[in-house]
Amino acid sequence: MLRVAVCVSGGGTNLQAIIDAIGSGVIRDTKIVRVISNNKNAYALTRAESAGIEGVCVSPRDYETRELFNEALLACLEEAKPDLIVLAGFMVAVPACVIDRFRGRIINIHPALIPSFCGKGYYGLHVHEKVLERGAKVTGATVHFVDEDLDHGPILLQKAVDVKEGDTPQILQRRVMEEAEWIILPKAISLIAEGRVTIDDNAIAHIRES
Ligand code: GAR
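Let me begin by describing the structure that accompanies this report. Quick caveat: nothing in here was measured; it's all calculated off a predicted structure.

About the cut-offs
Residues numbered from 1 in each chain as written. Predicted model: local features only at pLDDT ≥ 70, side-chain atom pairs only at ≥ 80, totals over all residues. Heavy atoms only, no water. Helix = DSSP H or I, 4+ residues; strand = E, 2+ residues; numbered from the N terminus. Rg over C-alpha atoms; globule rule 2.2 N^0.38 Å. Buried < 20%, exposed > 50% of the residue type's maximum accessible area, 1.4 Å probe, protein only. Lys, Arg positive; Asp, Glu negative; His and termini not counted. Charge placed at Lys NZ, Arg CZ, Asp CG, Glu CD. Pairing = 2+ DSSP bridges. Contact = heavy atoms within 4.5 Å.

### Re the overall build of the protein
- Each helix and strand in the protein was counted, giving six helices and nine strands.
- Here the C-alpha radius of gyration of the protein, 16 Å, is about what a compact globule of 210 residues would show, namely 17 Å.
- In terms of its C-alpha atoms, the protein occupies a principal-axis envelope of roughly 45 × 45 × 35 Å.
- Counting all 210 residues of the protein, 49% fall into the buried class.
- In the protein, 23 positive and 28 negative side-chain charges are present, and the distance between their average locations comes to 3 Å.

### Regarding the pairing of strand β6 (residues 138–145)
- For β6, the tally of buried residues reaches seven of eight residues, placing the bulk of the element in the interior.
- With four bridges joining them, strand β5 (residues 106–110) and β6 adopt antiparallel strand pairing. Paired with Ile 109 across the two strands is Val 143, which belongs to β6.
- Of the pairings in the sheet, the one linking β6 to strand β7 (residues 155–162) comprises seven bridges and is antiparallel in character. Bridged to Val 138 within β7 is Asp 162.

### As for the environment of Leu 84
- Among the structural elements, Leu 84 can be located in strand β4 (residues 84–87).
- Residues Leu 84 and Gln 16, spaced 68 residues apart in sequence, show a C-alpha to C-alpha distance of 17 Å.
- In this structure, Leu 84 is in contact with Leu 2, Arg 3, Val 4, Ala 5, Arg 105, Ile 107, Ile 189 and Ile 192, ignoring residues within four places of it in sequence.

Now the structure itself:
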């Protein structure tokens, strides 16, 4: 049984996609053991509660320093004893102590095709705004392992999505979620649960055929 902790900040549609994929058997031998939000008002916490999953808020606002917040986040994760940590719309820079402790066991969903439209300032709706500003004709989503550099670790899965004439950032965001994110994030967890993913010495992720 793969124990998964999911970190969220907002609406939690990616969390919902994971919950649904476990419920329908698309992801097997996997349990979400804890949902952690940095935002106590995140709708994702309501989704967790509805699914009978423990939800915990660890907010930087409740700590005097960033250091103390980082330690609290690490403690909250450690307590859940996860085999895998999934960042599903988590808008917090993951502290080095967490990356160090769970190296190779943290994945993130990014709403573009890395290495395009990623890095500092590229999160949430801003990503889609920048795609439209640049006039890109194809975008998509990426699931990657997390390392110390933002949006940089080994790429696990990607899926392309067309940009269409007349798209707004909101319309494009929705299409990227529907056609890519909600598919490849559950798929990535499923591949890991089946033990089919390895990362080589050159930091390239490989997927074994089943
Ligand atoms: C998703 O589009 C996710 O890819 C993005 O935030 C959204 C969260 O939506 N993540 C990032 O931009 C991380 N850099 P959700 O809360 O409905 O899953």
